[in-house]
Amino acid sequence: MNPYILATLLLGLGLGTTITFASSHWFLAWMGLEINTLAIMPLMAQYHHPRAVEATLKYFLTQATAASTLLFATTTNAWLCGQWDIQHMTHPLPITLFTLALALKIGLAPLHIWLPEVLQGLDLGTGLILSTWQKLAPFALLLQIYPANSTLLIILGLTSTLIGGWGGLNQTQLRKILAYSSIAHLGWMILVLQFSPTLTLLTLLMYLTMTFSTFLVFKLNNATNINALATSWTKAPALTALTPLLLLSLGGLPPLSGFMPKWLILQELTKQDLALTATLAALTALLSLYFYLRLSYAMALTMFPNNLTGTTPWRLQSAQITFPLAFSILATLTLLPLTPTIVALLTS
């Protein structure tokens, strides 16, 4: 892609998210989300592969549906309450419609069907943007309206953690595994959104850091399935030794950093007399942990010759800049000791 066009599209992504962040009027927030959607679509279809074009079309249709539902919810709110301001959403009907529209936008279960298929059709770079940056603007709106429909949020959260863990069990494609991982993590964030928005922000920060590192590791190894991971030790032995820590951190295994937000969320749910919800969420986390263990085993605990039919790659120098990867892995592995400081900064 032409570098000027690429720079324009990336600036469009940044502009759309910034407009949504800064807006207090529903129409401006909707416009920011639409700019975001239109800016990422050429990036998704840039390789002109049939799967990429199909993924772009699926993404466009789902985002258009979510955007129209969002616009309908805001118009209904203006009709019922006489307000276009984001902070003045009090009627339960537009709040429910708005929550469902944003759930479709970010891929919460049971509105998640599009996410694994779309992510599977993209390259790892665009998949990274879709899994991280594209979640920021909808979450900013969810945090602003502070939805009071607790039953709906808990159902969405529990369904997402269950389907995110269950759906990834039988997958061999890394991008689909990361899509189901995204669904499960979003479920944890939604569970605690109404009780502790600060904790939701902390979980989102941890998810973005860990997912960023994971995508860069797979991109460096040029791996799109589990068999390709099995031969990654020939290209980057040190990275292969660190990656299981990163994957198990995504699964929430103590004493790694990914355990910290899950632990705090379970603690908050218990404080709110939702012990059954906390128990179900903890059990669904075991499903996610299984397929991360599977990836860790395939990557670091199998040596050649092994039973996996992976092709040993050439040991060529990678053109990818490794500083972002090194920085994000360092952040992922050291965020657990920094938890008290992060929580103090977010709550002050």
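Residues numbered from 1 in each chain as written. Predicted model: local features only at pLDDT ≥ 70, side-chain atom pairs only at ≥ 80, totals over all residues. Heavy atoms only, no water.

(A) Structural view of helix H6 (residues 124-131). Judged by how many residues are buried, H6 sits mostly within the fold: six of eight residues are covered. By the burial criterion, the buried members of H6 are Leu124, Thr126, Gly127, Leu128, Leu130 and Ser131. Residues of H6 that are buried in the fold lie against helix H2 (26-44), helix H3 (50-81), helix H5 (114-120), helix H9 (174-192) and helix H10 (197-221). A distance of 3.3 Å separates the backbone nitrogen of Gly125 from a side-chain oxygen at the start of H6, and that oxygen is part of Asp123. (Buried < 20%, exposed > 50% of the residue type's maximum accessible area, 1.4 Å probe, protein only. Helix = DSSP H or I, 4+ residues; strand = E, 2+ residues; numbered from the N terminus. Contact = heavy atoms within 4.5 Å. Polar contact = N/O pair within 3.5 Å; in protein donor to acceptor, adjacent residues only side chain to side chain.)

(B) The arrangement of the environment of Ser296 in detail. Looking at where Ser296 falls in the secondary structure, it is placed in helix H14 (residues 275-300). On the basis of relative accessibility, which here comes to 6%, the residue Ser296 falls in the buried class. When sequence neighbours within four positions are dropped, the list of residues in contact with Ser296 reads Pro244, Leu247, Leu248 and Leu301.

(C) Quick peek at the nonpolar core. The biggest cluster of nonpolar side chains holds 65 residues, and the ones touching the most others in it are Tyr59, Val118, Leu130, Val217 and Phe218. Apart from residues lying up to four places away in sequence, Leu130 is in contact with Ile40, Tyr59, Leu115, Val118, Leu119, Leu122 and Lys135. Judged by nonpolar contacts, the second largest core, of 30 residues, contains Ala137, Leu141, Leu153 and Leu204. (Core = buried A, V, L, I, M, F, W, Y, C linked by side-chain atoms within 4.5 Å.)

(D) Representation of empty space enclosed by the protein. Within this structure, the stated rule accounts for three cavities of 30 Å³ or more. The space that makes up the largest cavity amounts to roughly 100 Å³. For the lining of the largest cavity, the elements supplying multiple residues, two or more each, are H2, H3, helix H4 (92-106) and helix H7 (136-145). Ranked by residues supplied to the lining of the largest cavity, first place goes to H2 with three residues. In terms of residue class, the lining of the largest cavity is built from seven nonpolar, four polar and two charged. (1 Å grid on protein atoms, 1.4 Å probe; cavity = no way out; pocket = protein on both sides within 12 Å on 5 of 7 lines; lining within 4 Å. Points joined across faces, edges and corners; volume = space filled by probe spheres on them. Nonpolar A, V, L, I, M, F, W, Y, C, P; charged D, E, K, R; others polar.)

(E) Structural context of the packing of helix H12 (residues 237-251) against H14. At their nearest, the axes of H12 and H14 sit 8 Å apart, and the two run at 175° to each other. When the axes of H12 and H14 are compared, the pair comes out roughly antiparallel. Here Thr240, Thr243, Pro244, Leu247, Leu248, Leu250 and Gly251 of H12 come into contact with H14, specifically with Ala285, Leu289, Tyr292, Leu293, Leu295, Ser296, Met299 and Ala300. A class-by-class count of the residues in the contact of H12 with H14 yields eleven nonpolar, four polar and no charged. (Axes fitted to C-alpha atoms, helices over the stretch in contact; angles between N-to-C directions. Parallel < 35°, antiparallel > 145°, perpendicular 65-115°, else oblique.)

(F) Layout of helix H15 (residues 323-334). Look at H15: 16 Å from first C-alpha to last across twelve residues, which is about the 16 Å you get at 1.5 Å a residue. Residues of H15 that are buried: Leu325, Ser328, Ile329, Ala331 and Thr332. Buried residues of H15, seen end-on, are gathered within an arc of 160° and therefore sit on one face of the element. Opposite the packed face of H15, turned more than 90 degrees from it, sit the exposed residues Phe323, Phe327 and Leu330. Buried-residue contacts for H15 involve H10 and H12. (Expected span 1.5 Å × (residues − 1). Arc of directions from axis to C-beta.)

All we've got here are geometric facts, nothing functional implied.
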